[in-house]
Amino acid sequence: MDTLFVITILIVIGALVFDFINGFHDTANTIATSVSTKALKPRHAILLAAVMNFIGALTFTGVAKTITKDIVDPFTLHNGSLVILAALISAIVWNLITWYYGIPSSSSHAIIGAIAGAAIASAGFTALNYSGFLKILEALIISPILAFVIGFIIYTIFKVFLKNHNLTKTNQRFRIYQIATAAIQSYSHGTNDAQKAMGIITLALISNNYLTTADIPFWVQLSCAIAMGLGTSIGGWKIIQTVGGKIMKLRPVNGVAADLSSALIIFGATYVHLPVSSTHVISSSILGVGASHRRKGVQWNTAKRIVITWVITLPISAALAAILYWIMDLFF
């Protein structure tokens, strides 16, 4: 059997595995607030997230096209199949490590850093499409900051309008609202995160001459949507504990504000075809809400740990992908 075809099959399988892991890795982020406030039972929250992630993944392809063509040029990528395979393995390994330790790291940072690292190992720094790559980095950096600010603003508005309302009754009402905001947030996650695996598969198909355009085939979109939905159905309880309880003690009003602000940022990024880290957007939204609610109530040590992981994920995944590429290049 042709070696190139075998590697392409491995890449497709690897991308679906990455999407599956992304699903259970990031499920926690989309439903952590609704579970921690008891707006939804864990099993119901996971089922809701799985369905909404699946629907979201079938809705858009703009982010997938950005992954396909804006980090590297798929039509000129040297040793493209090995570059992509090394990147996938690197991102999967980092995702599993951070999941095991309950750290809400970014699958987006991991795969984007890994593609860049493997491409540089293959053809040097000229392999990167700098205009597109820097645009993606800007989105990854700015989006959590915006999420923090918007979370702060939305919860501040809530405080103004609800200051004369009974706290118990308000939380009871918002517990119902939070079911809707959890669904919206899960849908937004599917519209952005599932597209990364779609872009990787399409990048591989172009690099190996199985496609001649950057359009995303429907079978790629559907298979990634299924993988994301299945991964989501498993859930990631360790990360739920970090995002839902170790950043701040959440109430339904806090949860709704955080869900709305993070969904707004993710939808906005999807609309302009830019990948963002749902993990860091959601965590930053909760931090913004917490800072508006009561600064001393925020566990800033947990926030510091999340930020450190945010900073180190991209370079670590890039270095790991480069090493894996050099190793595989010796055998293929």
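Everything that follows concerns the structure shown earlier in this document.
Quantities reported herein were computed from a predicted structural model and do not represent experimental measurements. (Residues numbered from 1 in each chain as written. Predicted model: local features only at pLDDT ≥ 70, side-chain atom pairs only at ≥ 80, totals over all residues. Heavy atoms only, no water.)

Q: Is there a simple way to think about the overall build of the protein chain in this case?
A: Along the backbone of the protein chain there are twelve helices and zero strands. In terms of overall dimensions, the protein chain is globule-like: its C-alpha atoms have a radius of gyration of 20 Å, near the 20 Å expected for 332 residues. In terms of overall dimensions, the protein chain has C-alpha extents of about 70 × 35 × 35 Å along its principal axes. Classification of the 332 residues of the protein chain by burial places 60% in the buried group. For the protein chain, the share of sequence-separated contacts (at least 6 apart) that also reach a separation of at least 24 residues comes to 87%. As displayed, the protein chain has an accessible area near 13700 Å², and 70% of this comes from carbon and sulfur atoms. (Helix = DSSP H or I, 4+ residues; strand = E, 2+ residues; numbered from the N terminus. Rg over C-alpha atoms; globule rule 2.2 N^0.38 Å. Buried < 20%, exposed > 50% of the residue type's maximum accessible area, 1.4 Å probe, protein only. Contact = heavy atoms within 4.5 Å. Areas by Shrake-Rupley, 256 points an atom, 1.4 Å probe, with all protein chains shown as cover.)

Q: Explain the pattern of salt bridges here, please?
A: Side-chain pairs of opposite charge can arise where the charged atoms are in close proximity. The final tally for this structure, using the stated rule, is four salt bridges. A salt bridge links lysine 135 to aspartate 70; its shortest N-O distance comes to 3.2 Å. Taken together, the residues lysine 135 in helix α6 (residues 130-162) and aspartate 70 in the loop between α3 (62-69) and α4 (80-100) connect sequence positions 65 residues apart. By relative accessible area, which is 37% here, lysine 135 ends up partly exposed. (Salt bridge = Lys/Arg side-chain N within 4 Å of Asp/Glu carboxyl O.)

Q: Would you take a moment to explain the side chain of threonine 66 for this structure?
A: Counting through the fold element by element, threonine 66 comes out in helix α3. Taking the relative accessible area as the measure of exposure, threonine 66 reaches 5% and is therefore buried. Leaving out residues up to four positions away in the same chain, threonine 66 has contacts with Ile71, Ile136, His273 and Pro275.

Q: I'm lost on the packing of aromatic side chains in this one. Help?
A: By convention here, two paired aromatic rings are described through the distance between centres and the angle between planes. The tally for this structure, following the rule as stated, stands at three aromatic pairs. Between the aromatic rings of phenylalanine 174 and tyrosine 177, the centroid separation amounts to 5.1 Å while the plane-to-plane angle is 75 degrees, which identifies the pairing as edge-to-face. Within this pair, phenylalanine 174 and its partner tyrosine 177 are both found in helix α7 (residues 167-207), separated by three residues, close to a single helical turn. On the basis of relative accessible area, phenylalanine 174 is assigned to the buried category, the value being 8%. Classification of tyrosine 177 by relative accessible area gives partly exposed; the value is 42%. For the ring pair tyrosine 187 and phenylalanine 267, a centre distance of 5.7 Å and an interplane angle of 50 degrees mean the geometry is tilted. You can see tyrosine 187 sitting in helix α7 and its partner phenylalanine 267 sitting in helix α10 (residues 252-271), a full 80 residues away along the chain. Exposure remark for tyrosine 187: the relative accessible area of 19% places this residue in the buried category. Classification of phenylalanine 267 by relative accessible area gives partly exposed; the value is 28%. (Phe/Tyr/Trp six-rings, centres within 6.5 Å; stacked < 30°, edge-to-face > 60°.)

Q: Please explain the environment of aspartate 329 as it appears in this structure.
A: Topologically, aspartate 329 is positioned in helix α12 (residues 300-329). On a C-alpha basis, the gap between aspartate 329 and valine 83 in space is 9.3 Å, while along the polypeptide they are 246 residues apart. Non-local contacts of aspartate 329, meaning those with residues more than four positions away in its chain, are made with Asn79 and Leu82. Among the polar contacts listed, one links the side chain of aspartate 329 to the side chain of asparagine 79, at a separation of 3.3 Å. (Polar contact = N/O pair within 3.5 Å; in protein donor to acceptor, adjacent residues only side chain to side chain.)

Q: What's the story with unusual backbone geometry in this structure? I'm lost.
A: Peptide bonds are, in most cases, trans, and in most cases residues other than glycine have a negative phi. Phi at asparagine 79 takes a positive value of approximately 55 degrees, unusual for a residue other than glycine. The class of asparagine 79 is partly exposed, set by a relative accessible area of 31%. In this model, asparagine 209 sits at a positive phi of 65 degrees, which is unusual for a non-glycine residue. Following the sequence through the fold, asparagine 209 ends up in the loop between α7 and α8 (218-234).

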